[in-house]
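# Reading the structure
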Amino acid sequence: MNSSFIKIIKNILIYLGIISLTVSNAYSNKSKPTIDVGAVFAMTGPTATFGQESISGIKLALKTINKEGIAGRKIRLILEDNKGEPLESANAVRKLIDMDKVSVVLGAVASSNTLAGAPIAQKAKVPLLTPSSTNPKVTMMGDYISRACFTDDFQGVVMAKFAKETLKKSRAAIIVDNANDYSKGLAKVFRQKFQEFGGTIVSKDDFAYQQKDVDFRSILRRVKRKKPDVIFVPGYYTEVGLILKQAHQMRFNVPFLGGDGWDSPKLQQLAGKEAITGHYLSSHFSPDDSSPKVQNFVKEFKKEYNERPGAMAALGYDATFILANALKNAKNLSREEIKVAINNTKNFSAITGNITINKNRNAVKSAVVLKTTPAGNVFVQKVDP
Ligand code: PHE
């Protein structure tokens, strides 16, 4: 063998060596393929704080999770803005599945949006975990759809009981957002339960408005004529803020009650100082909760964003940790096994409570009742399921 031939062989070996080096590098810790997670949230539009807050919570959780990764693989979030619209939500889920080939989807917040996206995920057999959609129908879409929160069947009972037993009210009016599955569902539960607890609902049909309405005075005039001593408004903060403001201008002097859809700092801004005081909502979490777990989260969140976290931030954070835990426990990272692992979540210690996903893929956990004040919502009581 001559020396030039040996040289060539040697070069080939080095060449191969380099190749094998790059190949092994691609599979070493640093550059293992990511686990792609889709996210569908309202980042713009009338419910933009829902998405913005959720994403703040999700990103904060990912910061911790991605330090180690899932067996060295990092989670990559692919975010789609659904603008708060059902059709946009459906398109976003389809895009994430077809184009981005995500392993799992997080989202949305508003139940009508999740209800539009969930059938697509179910059909494609891609797990979808909503942090915060509470309408009972959401998880009935199939075994790939689960949630990290309680349902409106629970939330509605909590507020009906609070109105009747804690506030000792007996005549309730209900004002519903007719373009909103969440609002209609929650109104129905409240109506039924308030009556079961011995109260009266002042009208056979709920007083109805549509999302994006801005003038509620004619509805409020009709409500006033029925002389309710409490008014239940299971809507979203954009409209509820204006309803509270206009009711105050019309000298309503009864408390208004609502659900988690009120839980946004924008509610305070829209209603204004005078109108916001003395109403109540049910929600998932209170930053006033003295448990060390909650207080550590509040501290971590404040450090990152310079503000107190709301319910959606906490739920976004929790859903991301539930997902990370499921990814760690899954037999493999197929969509099917990820689904199985999410649905097997048991007694998972989270910010919004200890989360067990039950056989209907809903989380069983406590709710909080909060009182509205100009400085933000304050904790009143915790209600266990
Ligand atoms: N639960 C609401 C829904 O299903 C969404 C929501 C969750 C709003 C948490 C505020 C806070 O439509």
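These remarks concern the structure in this document. In every chain, residue numbers begin from 1 and rise along the written sequence. In keeping with the predicted nature of the model, local features appear solely for residues at pLDDT of at least 70, side-chain atom pairs appear and are counted solely at 80 or more, and the whole-chain, interface and lining totals rest on all residues. Calculation of side-chain values draws on the structure's entire complement of heavy atoms; hydrogens and water are dropped beforehand.

### Re the site of the ligand
- Ser111, Ser132, Thr134, Tyr236 and Asp260 are the nearest of the 13 residues found near the ligand.
- Computed with the Shrake-Rupley method and a 1.4 Å probe, the accessible areas treat only the protein chains shown as cover for residues. Relative to its unbound accessible area of 330 Å², the ligand is 100% covered by the protein chains.
- Three classes are used: nonpolar for Ala, Val, Leu, Ile, Met, Phe, Trp, Tyr, Cys and Pro, charged for Asp, Glu, Lys and Arg, and polar for all others, with Gly counted as polar. A breakdown of the residues in the shell around the ligand according to their chemical character gives six nonpolar, six polar and one charged. For this purpose, a residue is taken to be near a molecule or strand whenever a single non-hydrogen atom of the residue falls within 4 Å of it.

### As for unusual backbone geometry
- Gly107 connects to Ala108 through a cis peptide bond whose omega is -15°.
- Checked against the element boundaries, Ala108 lands in the loop between β3 (104-107) and α4 (111-124).
- Look at Ala71: it is not a glycine, yet its phi comes out positive at around 45°.
- Inspection of the secondary structure puts Ala71 in the loop between α2 (48-68) and β2 (75-81). Where helices and strands are cited, they refer to DSSP runs of H or I of at least four residues and of E of at least two residues respectively, numbered from the N terminus.

### Let's talk about helix α11 (residues 292-305)
- By definition here, a helix of n residues has an expected span of 1.5 Å times n minus one. Taking 1.5 Å per residue, 14 residues should reach 20 Å; α11 reaches 20 Å between its end C-alpha atoms and fits that length.
- Two residues qualify as a contact provided that any one of their heavy atoms is within 4.5 Å of a heavy atom in the partner residue. Of the surrounding secondary structure, the elements contacted by the buried residues of α11 are α2 and α12 (311-329).
- Looking one or two places after α11, you find Asn306, whose phi comes out positive at around 65°.

### Considering the pairing of strand β11 (residues 280-283)
- For every residue, the accessible area obtained with a 1.4 Å probe (protein chains only) is divided by the maximum for its type, and the residue is called buried under 20%, exposed over 50%, and partly exposed between those limits. What you see with β11 is no split at all: Tyr280 and Ser282 on one side and Leu281 and Ser283 on the other are buried throughout.
- Should DSSP find at least two bridges between two strands, the strands are regarded as paired. Bridge count for strand β10 (residues 256-258) against β11 is two bridges, and the pairing is parallel. From the neighbouring strand, Leu257 faces β11, where its bridge partner is Tyr280.

### As for the sheet that holds strand β13 (residues 353-357)
- Strands sit in the order β12-β13-β14 across an open sheet of three strands; the sheet is antiparallel. Single-partner strands in this sheet number two, and they are β12 (348-350) and β14 (363-364).
- In this structure, β13 lies alongside β14, joined through two bridges in antiparallel fashion. In the strand pairing of β14, Ile357 is matched with Ala363.

### As for the packing of aromatic side chains
- By convention, a stacked pair of Phe, Tyr or Trp rings (six-membered ring in the case of Trp) has centres within 6.5 Å and planes under 30 degrees apart, an edge-to-face pair has planes over 60 apart, and any other such pair is tilted. For the structure on display, the rule yields 14 aromatic pairs.
- Taking 5.0 Å as the distance between ring centres and 90° as the angle between the ring planes, the aromatic pair formed by Phe50 and Tyr236 counts as edge-to-face. Within this pair, whereas Phe50 is found in helix α2, its partner Tyr236 is found in the loop between β9 (230-232) and α8 (237-249), the two being separated by 186 residues in sequence. Each member of the pair, Phe50 together with Tyr236, is buried.
- Here Tyr209 and Phe216 contribute two aromatic rings whose centre-to-centre distance is 5.2 Å and whose plane-to-plane angle is 90°, an arrangement assigned as edge-to-face.

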